[in-house]
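# Structure assessment
Residues per chain, in single letters:
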Amino acid sequence: SITILMQIFVLHCSTTQKRNIQPEGYFFDESNIFESEFKKELIDILYNHEKNHSVQIVIHSTNSLHGSTIEEYSLNFANEIELGQKYLNNGALITIAPNDRKVRIEIGYGLEWVISDN
């Protein structure tokens, strides 16, 4: 029974562990597909947009979807980084997976009146 408890503990720890991803402004560029100058320009634009409209837009490039669909991966990532303002749920995430040739825009419920999922 101790072995079973240990296995459950290890499984729980491995499934709830968050990735240690450090953002660069409004970018999580794991794939390193953006040039530094472009990032700086876009970070300024996204910062000003959030300041003026209270809508947070984040861009994330990833090397792998880790066996998930792009939809699952994007939604999980948006929840993981707590995108948008907590009670307004007004964030947007642009996920780019160049190795999988997939792109997804994830919209928080608070923005669906502006941008629909369709």
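Residues numbered from 1 in each chain as written. Predicted model: local features only at pLDDT ≥ 70, side-chain atom pairs only at ≥ 80, totals over all residues. Heavy atoms only, no water.

### Notes on the pairing of strand S3 (residues 91–97)
- When you tally the buried positions in S3, you get six out of seven residues, the bulk of the element.
- Bridging between strand S2 (residues 56–61) and S3 involves six bridges; their strand directions are parallel. In the strand pairing of S3, Ile57 is matched with Ala92.
- In this fold, the crossover linking S2 to S3 by way of helix H3 (residues 70–80) has right-handed handedness.
- The pairing of S3 with strand S4 (residues 102–107) spans six bridges and is antiparallel. Bridging across to S4, Ile96 finds its partner in Val103.
- A loop of four residues connects S3 with S4, the two strands running antiparallel in sequence, and Arg101 in this loop sits at a positive phi of about 60°. (Buried < 20%, exposed > 50% of the residue type's maximum accessible area, 1.4 Å probe, protein only. Helix = DSSP H or I, 4+ residues; strand = E, 2+ residues; numbered from the N terminus. Pairing = 2+ DSSP bridges. Right-handed = clockwise from strand over helix to strand, strands pointing away.)

None of the figures reported here should be taken as evidence of function without further support.
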